Amino acid sequence: MNYALLHVRWAVPAVTAIMLAACAASKPQIAPPPPPPPPLDASYDWHVLLIAPFGSVLKDIPLAVHEVLVFRDEAHSESPAGDPECYAVSGTGPRFLARSPSSYLLCFNRGKLSRIEATVRLPEKESARVVADACALWTKNAHAPNTAASAGPERAQGPEVPEGSEDSKGLEGSAACEGADGGIAFAAHIEREPNEEDTQLTVRLDASELTP
């Protein structure tokens, strides 16, 4: 009798330990959340393109410039500033989207700075992600202009295109992102030249009557 009780005393803890081990083994392991993405480079903010306030005269521009002739197609020719005189920087423009612009223009209407236009070249596989990140930053504290407001908030926030997607080609020549902030209207357009591996993103800033 004592021998049987001894076996029972040892068997109960053993069975309990086995059951606890089985429960622990069957419990799903919860993966830790992914780390947050690193903050965007400060040059993603389009305000870095404002080397002088709108309304400044040519002599107040802190960079050396030279006058250029600008030819625009009908789709992009409309401008509240009329037909301005444009100047290119003699050298490197301000760093934008973590890159040096391939083109940086300052345009004056009636002698006052009324438009700034910058173009950067983006690798095709990165262009959709760069545009999406930049547009999310630009529209965070901005509102859509009248031309985009009717399309709803999704239109004003820019495209949601997977990186490297073939759908990114459908954005070529279209307004990828636009809005207004602090009396300045911004608009970004994507262009891709034939036989070119890079995508061109052109951002245009215009003095505007719109206010937040």
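The structure displayed is predicted, hence computed values, not measured ones.

Q: Would you mind going over the overall build of the protein in detail, with residue names and values included?
A: Summing up its helical and strand segments, the protein has 5 helices and 7 strands in all. For the protein, the α and β elements follow one another from N to C terminus as α-β-α-β-β-β-α-α-α-β-β-β. Split into buried and exposed, the 212 residues of the protein put 36% on the buried side. Within the protein, counting contacts between residues at least 6 apart in sequence, those at least 24 apart form 58% of the total. Counting every atom, the protein has about 13,400 Å² of accessible surface; 57% of that belongs to carbon and sulfur.

Q: Describe the state of the cysteines, with residues and values.
A: Any covalent bond linking the sulfur atoms of two cysteines counts as a disulfide. Applying the stated rule across the entire model yields 2 disulfides. Across the disulfide, C86 is cross-linked to C107 (sulfur-sulfur distance 2.0 Å). One disulfide, between C86 and C107, carries an S-S torsion of 105 degrees and so falls in the right-handed class. On the criterion of sequence distance, the pair formed by C86 in strand β2 (residues 85-89) and C107 in strand β3 (residues 103-109) is long-range, its members being 21 residues apart. Take C86 and C107: they sit in the same class, and that class is buried.

Q: For the nonpolar core, give the residues involved together with the corresponding values.
A: Counting residues in each nonpolar core, the largest one holds 31 residues, and the members touching the most others are L49, F96, L97, W138, L201, V203 and L205. Of all elements in the fold, only β2, β3, β4 (112-123), α3 (124-138), β5 (175-181), β6 (184-191) and β7 (198-207) reach the threshold of two or more residues within this core. In contact with L49, other than residues within four places in its own chain, are P94, F96, Y104, I116, A118, V203 and L205.

Q: Would you mind going over the environment of I51 in detail, with residue names and values included?
A: By secondary structure assignment, the location of I51 is in the loop between α1 (2-26) and β1 (65-68). What makes I51 partly exposed here is its relative accessible area of 23%. Considered as a pair, I51 and I116 are 65 residues apart in the sequence and their alpha carbons are 9.5 Å apart. The contact partners of I51, leaving out residues within four places of it in the chain, are I61, P62, L63, P94, Y104 and L106.

Calculation rules
- Residues numbered from 1 in each chain as written.
- Predicted model: local features only at pLDDT ≥ 70, side-chain atom pairs only at ≥ 80, totals over all residues.
- Heavy atoms only, no water.
- Helix = DSSP H or I, 4+ residues; strand = E, 2+ residues; numbered from the N terminus.
- Buried < 20%, exposed > 50% of the residue type's maximum accessible area, 1.4 Å probe, protein only.
- Contact = heavy atoms within 4.5 Å.
- Areas by Shrake-Rupley, 256 points an atom, 1.4 Å probe, with all protein chains shown as cover.
- Disulfide = S-S within 2.5 Å.
- Core = buried A, V, L, I, M, F, W, Y, C linked by side-chain atoms within 4.5 Å.

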